[in-house]
Amino acid sequence: MVGVPQLLLQFSYPQYSSSGPARAWVCCPLFKGIGYAMILTNSVIAVYYNVIIAWTLYYLANCFSVKLPWSNCDNTWNTGNCYTRTNEPTAVVRNTSSTAVYNMSGLKEPKFGTNGTTLSENGKTATEEFWTYNVLQLTDGVETMGHVRWQLLLCNLSVCILLFLCVFKGIKLSGKIVMIQVLTGSLGDINPHLFRSKVAWTSAAICLVTFVLGIPFCCQGGMYVLQLVDWYIASVALLLIVFLESSVLAWIYGSQRLSDDIAVMIGYRIPKLWQVFWRFVTPSCILVMWIMSLVNHRPVTYGGKSYPAWSVGVGWIIALVPLLPLVGNIILTLLKHDGNIKQRLQKSIQPLPDWSNNLRSNQYSGQNGEILLLE
C-alpha cells in the first residue's frame, strides 16, 4: 500500500528526466527544494550507515578468533555481572574465579555472576558486554565522547574504500552503494561541467567526506551521537519529505501525467490502480505515520539513559535543517515571478521547458491510442 507504489513513483520521474534529485524537480519548480532536502537527508544517513557497516566488519574480523569473544565471560572487558546463555534449560557460567549455575527455563530464579554473587537486574550477557565494553567501549553519556576507537575507524575507512571501488567500477550491489551514486549524480546535476567530467574524483571526494564526518561516531561516545541523529532525522524530516514528494507528484504534477511519462518509457500504460494509490492511499498512510510518530515522539534515550536538554535541542536542529532548502526554494521561486500570489503560484508549478523534451519527441500513438516508442 505504501512501499511498492512509492518505490515506483520514486524511480519513474528521475528516470524519465534522466536527472537526479537536484534537477528532476524542474517538473514542479515550486517544490524543487524537495530534491535538495532528499540530498541532505541521504547525506546524513550515508555518514552513520557507514559506521553501522563498520561494526559489521569488526564483528566479521572477530569471527576468525579461536573462541568467539562474545561467547564467554573470561575476557578482560567482562564484569562481575556477566553471564552466558545456552539453549539448555540450565546454563553454566565459567571463568577463572568461579563456576555458577542458573536456570534458563523462564522461572524467576537467581542468576549468578562470575564472582559467585547473585546478579542484579543489571546483569548482562556476554554478548551484551562484548558490544558495550569491547566494540563501543561506551562512555557514561553524550557529554563524554572519549577517544577515537581506532579499530572502528579503520573499519569505517575500509567501508569507504570499498564503496568508492564499487562506484568507480559501476557496480550496483546494494542500496548503500546506490545512495553514494545518487549523491554523485546530484552533484553532477548541480554543476555538470565540474562534476560529471570527473566522476572518479567526485566519488572519491564524497567517500572521503563521509569518512571524516563519521569520525565522531567512531569515538567511545559515538553511539550516543548516532542514536541522536537517527532518532530525529528519521522520525521528523524523512517521513515529511516522502509525504511531500508523493503528494506533489500525484496532485500538482498530476498522476495521469506521471502515468503518461511511464508509458513513454516502457511502451504501454500501467493500470489505473496505481493512480489511486499515488493520489489517495500512499499519501494518506504516510501522513498518518508521520503524525503518529510526532504524537508518540519522546526525547531521545539510549540504554535507558536520558540525554541532556542541549543535545535534544541539537537533535531538533538536525531534524529541521533538511527542510530549510524546501522553505527557502518556495520563497525564492515565488519572488522570482510577477503578478499576484495566485499568478505566481500558477507559474511556479508549471514544468520548465527542458523537462524531458528528449523523451516526448520520440513518441507517437498507435491505432488504439496507446503510446509507443520509435525504434
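Residues numbered from 1 in each chain as written. Predicted model: local features only at pLDDT ≥ 70, side-chain atom pairs only at ≥ 80, totals over all residues. Heavy atoms only, no water.

> Before we go on, may I ask you to explain the state of the cysteines in this structure?
One covalent bond between the sulfur atoms of two cysteine residues makes up a disulfide. Counted under the stated rule, the structure contains one disulfide. Put simply, Cys 73 and Cys 82 are joined by a disulfide, and their sulfur atoms are 2.0 Å apart. Its S-S torsion of approximately -75° makes the covalent link between Cys 73 and Cys 82 left-handed. Residue classification places Cys 73 among the buried positions, given a relative accessible area of 3%. Unpaired in terms of disulfides, Cys 160 finds its nearest cysteine sulfur in Cys 207, a separation of 6.0 Å. Of all cysteine sulfurs, the one in Cys 207 lies closest to Cys 166, which takes part in no disulfide; the gap is 9.5 Å. (Disulfide = S-S within 2.5 Å. Buried < 20%, exposed > 50% of the residue type's maximum accessible area, 1.4 Å probe, protein only.)

> Which parts of the structure should I look at to understand the packing of aromatic side chains?
The geometry of an aromatic ring pair is captured by the separation of the ring centres together with the interplanar angle, meaning the angle of the planes. Inspection of every chain in the model, using the stated rule, returns 16 aromatic pairs. An angle of 45° between the planes, with centres 6.5 Å apart, marks the rings of Tyr 48 and Phe 217 as tilted. In this pair, Tyr 48 sits in helix H3 (residues 33-62) while Phe 217 sits in the loop between helix H8 (199-213) and helix H9 (222-266), placing the two residues 169 residues apart along the sequence. For the pair shown, Tyr 48 and Phe 217 are each scored as buried. Their ring planes at 85° and their centres at 5.7 Å tell us that Tyr 224 and Tyr 302 sit as a pair that is edge-to-face. In this pair, Tyr 224 sits in helix H9 while Tyr 302 sits in strand S5 (residues 301-302), placing the two residues 78 residues apart along the sequence. Given the relative accessible area of 2%, Tyr 224 is considered buried. Of the residues examined, Tyr 302 reaches a relative accessible area of 17% and is grouped as buried. Three or more aromatic residues joined by ring pairs form one cluster here, namely Tyr 58, Tyr 59, Trp 70, Trp 77 and Phe 130. (Phe/Tyr/Trp six-rings, centres within 6.5 Å; stacked < 30°, edge-to-face > 60°. Helix = DSSP H or I, 4+ residues; strand = E, 2+ residues; numbered from the N terminus.)

> Is there a simple way to think about the nonpolar core in this case?
If you look at the biggest cluster of nonpolar residues, it comprises 37 residues, and the most contacted ones within it are Tyr 48, Trp 55, Val 135, Phe 217, Leu 226 and Tyr 307. Counting residues per element, the ones that place at least two in this core are H3, helix H4 (126-135), helix H5 (150-168), H8, H9 and helix H11 (309-320). Here this core takes ten residues from H9, the largest share from any one element. Residues contacting Phe 217, with those up to four places away along its chain left out, are Val 47, Tyr 48, Val 51, Gly 222, Val 225, Leu 226 and Val 229. Membership of the second largest hydrophobic core comes to 32 residues, among which are Ile 34, Ala 250, Leu 258 and Ile 270. (Core = buried A, V, L, I, M, F, W, Y, C linked by side-chain atoms within 4.5 Å. Contact = heavy atoms within 4.5 Å.)

> I tried to follow the environment of Trp 150 on my own but got confused; where do I start?
Along the chain, Trp 150 turns up in helix H5. Between the C-alpha atoms of Trp 150 and Ile 215, which are 65 residues apart in sequence, the distance is 9.7 Å.

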